[in-house]
Amino acid sequence: MTIFSPSLSHIESLVKPGIPVCAYIHDLDALASHAIELVSHLPPRSEFFYAIKANSDPAVLSALAPIVAGFEVASAGEIRKVRQAVGPNARIIMGGPARTETDFLAAIDHGVERVHIESLHLLHMADIVAKRTGKRLPVLLRINMAGPVPGATITMGGQPTQFGIDEAHVDEALKLVKECDYLRFDGFHLHTISNNLDAEAHSVFCEAALRRAQDWAARNGLVPKVVNLGGGWGVDYSDLNRRFDVRLFCERLAGSIQAEGPLLQFECGRIVVAYCAVYATEIIDLKTTHGETFALLRGGSHHFRLPSAWQHRHPHKILARTNWPWPWQRPRIGAQLVTVTGELCTPKDVLLRKEQVQGLAVGDIICFLAAGAYGWDISHHDFLSNAHPERIFLNEHASNATERLSA
Ligand SMILES: *Cc1c(COP(=O)(O)O)cnc(C)c1O
């Protein structure tokens, strides 16, 4: 599995000439091979969905459509994105904590196959909306399990959060769902952590979650058809070569899958798309104020908010350039610490803090690697109305995932 990491000349051949470089570049072939490899390890009786909030670009959705079971969405807008990019037959499952009548209606109208319900109030709401349409809506109950849960970067369960139904209320919720004539109880949804780097720990957690789900159903006289174990397969941004061991995770989990048991579903975002894209941006100024040196980029956190959101050191490479078109001396620094910031009028716009560099000059490019997940999609693009980055998709039409899948 390779990490998409284009060379300077490759980047220069792709971007618009004559203006400072600022581009997201995706390799859709790399995306497709990576996704094919991911799903190749899946245990029997399991399905792999792509959680589109990680990167909902139409080109990404189209490249993944032949490979994944379907798409996990969390809003009516995301349903429309899937329908527009990959058509009426794509399978869609829908989650999300704060749901309205309109959301449930959109789910039913657009043929979403199952909705994940996160509270008792929303069970009532989904039932009423389904009743109005005359259609029975299949649902999973999202449960916020009692802890402890394994360590991860983001935690949605095992502690107080706005997500899911408290495990303490699971019997009450199951009693209610049995009384909802227009809902069909299909099982449980247990997305609990994001960016777990430890495949072994994740498999232990998922096995325990699966057992608990079966217990809840059994003691209420129900049989779960589906247990959705969420996403959360991690990406190690501190060492991109250290990978979440998908094979190990799937092998461990395969041991607890019974022929008669529920179908398992996964809905991963980050691990699917992170590695296939870079955010490459040019240094447009260098300065030292009060003893600290700053490199200012064409772009910033309004294009790529992940490093500031997570306060982490994002993997990157510096691409030195030689061309200098101006008649004055090129601003340049030697080996030292530098803080890399964007073009926004706020000191929060920091992409790298006190980074040791060997040298840097105006016109060089910083290429942030593994920028495909929660990069552009979580950023506040129009704050200050600077130009958007170019968005480049390599192998968009050459992507032959379908052929490779049948090979
Ligand atoms: C964000 C999210 C996912 C995907 O999580 P990753 O950590 O990107 O794999 C899956 N399910 C739900 C409900 C989510 O909110």
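These lines cover the structure that appears in this document, whether it is placed above or below. (Residues numbered from 1 in each chain as written. Predicted model: local features only at pLDDT ≥ 70, side-chain atom pairs only at ≥ 80, totals over all residues. Heavy atoms only, no water.)

1. So, the overall build of the protein
Regarding its fold elements, the protein presents twelve helices and 21 strands. For 407 residues, the compact-globule formula gives about 22 Å, and the C-alpha radius of gyration of the protein, at 23 Å, lands near that figure. Each principal axis of the C-alpha atoms in the protein carries an extent, and together these give about 80 × 45 × 40 Å. Buried positions account for 55% of the 407 residues belonging to the protein. (Helix = DSSP H or I, 4+ residues; strand = E, 2+ residues; numbered from the N terminus. Rg over C-alpha atoms; globule rule 2.2 N^0.38 Å. Buried < 20%, exposed > 50% of the residue type's maximum accessible area, 1.4 Å probe, protein only.)

2. Observations regarding the site of the ligand
The ligand sits among 14 residues. The nearest are Lys53, Ser194, Glu267, Arg270 and Tyr374. Within the side chain of Lys53, one N or O atom sits 2.8 Å away from an oxygen atom of the ligand. With respect to the ligand, the side chain of Ser194 contributes an N or O atom lying 2.6 Å from an oxygen atom. Coverage of the ligand by the protein amounts to 91% of the 380 Å² it exposes when considered alone. The residue makeup of the shell around the ligand, split by class, is three nonpolar, six polar and five charged. (Near = heavy atom within 4 Å. Polar contact = N/O pair within 3.5 Å; in protein donor to acceptor, adjacent residues only side chain to side chain. Areas by Shrake-Rupley, 256 points an atom, 1.4 Å probe, with all protein chains shown as cover. Nonpolar A, V, L, I, M, F, W, Y, C, P; charged D, E, K, R; others polar.)

3. Points about the packing of helix α5 (residues 101-109) against helix α6 (residues 120-133)
What describes two packed helices is the angle between their axes and the distance between those same axes. Contact geometry for α5 and α6: axes closest at 9 Å, N-to-C directions at 50°. The orientation of α5 with respect to α6, classified from their angle, is oblique. The handedness of the crossing between α5 and α6 comes out as right-handed. Between α5 and α6, the residues in contact are Glu101, Phe104, Leu105 and Ile108 and Leu122, Met125, Ala126, Val129, Ala130, Arg132 and Thr133, respectively. Among the residues forming the contact of α5 with α6, the class breakdown is eight nonpolar, one polar and two charged. (Axes fitted to C-alpha atoms, helices over the stretch in contact; angles between N-to-C directions. Parallel < 35°, antiparallel > 145°, perpendicular 65-115°, else oblique. Left-handed = near helix turned anticlockwise from the far one by under 90°. Contact = heavy atoms within 4.5 Å.)

4. Re helix α8 (residues 199-219)
Its 21 residues give α8 an end-to-end C-alpha distance of 30 Å, which sits within 8% of 30 Å, the value for a rise of 1.5 Å per residue. Taken together, the buried positions of α8 are occupied by Ala199, His202, Ser203, Phe205, Cys206, Ala209, Leu210, Ala213, Trp216 and Ala217. The arc that holds every buried residue of α8, seen down its axis, measures 160°, which confines them to one face. The outward face of α8, more than 90 degrees from its buried face, is lined by the exposed residues Arg211, Ala218 and Arg219. Two or three places before Glu200, at the opening of α8, Asp198 has a side-chain oxygen 3.1 Å from that residue's backbone nitrogen. (Expected span 1.5 Å × (residues − 1). Arc of directions from axis to C-beta.)

5. A word on the side chain of Asn220
Relative to the helices and strands, Asn220 resides in the loop between α8 and β11 (226-228). What makes Asn220 buried here is its relative accessible area of 14%. A polar atom in the side chain of Asn220 sits 2.8 Å from the backbone oxygen of Trp216. Residues contacting Asn220, with those up to four places away along its chain left out, are Asp171, Leu174 and Lys178.

6. Quick word on the packing of aromatic side chains
Tallied over the entire structure, the rule returns 18 aromatic pairs. Pairing Tyr50 with Phe71 gives two aromatic rings, centres 6.5 Å apart and planes at 80°, and the pair type is edge-to-face. Of this pair, Tyr50 sits in strand β2 (residues 46-51) while Phe71 sits in strand β3 (residues 70-73), and the two are 21 residues apart along the sequence. Neither residue differs from the other here; Tyr50 and Phe71 are each classed as buried. Arranged with centres 6.3 Å apart and planes meeting at 20°, the rings of Tyr279 and Phe368 form a pair that is stacked. Linking Tyr279 in strand β13 (residues 277-289) with Phe368 in strand β20 (residues 365-368), this pair joins segments that are 89 residues apart in sequence. Across the pair, exposure class does not vary: Tyr279 and Phe368 are buried alike. It is Arg243 that lies over the ring of Tyr275; its NZ or CZ is 3.8 Å from the centre. (Phe/Tyr/Trp six-rings, centres within 6.5 Å; stacked < 30°, edge-to-face > 60°. Lys NZ or Arg CZ within 6 Å of the ring centre and 35° of its normal.)

7. Observations concerning the nonpolar core
Core analysis: the largest hydrophobic core is formed by 127 residues, its most contacted members being Tyr50, Leu141, Phe188, Leu190, Trp233 and Val272. When residues in this core are grouped by element, the largest group, eight residues, is from α8. When residues of this core are assigned to domains, at least three map to each of domain 1 (8-25 + 275-405) and domain 2 (41-268). Once you skip the residues sitting within four places of it in the chain, Tyr50 turns out to touch Asn55, Val60, Leu61, Leu64, Val68, Gly70, Phe71, Glu72, Cys268, Gly269, Val272 and Val273. (Core = buried A, V, L, I, M, F, W, Y, C linked by side-chain atoms within 4.5 Å. Domains from an automatic or database assignment.)

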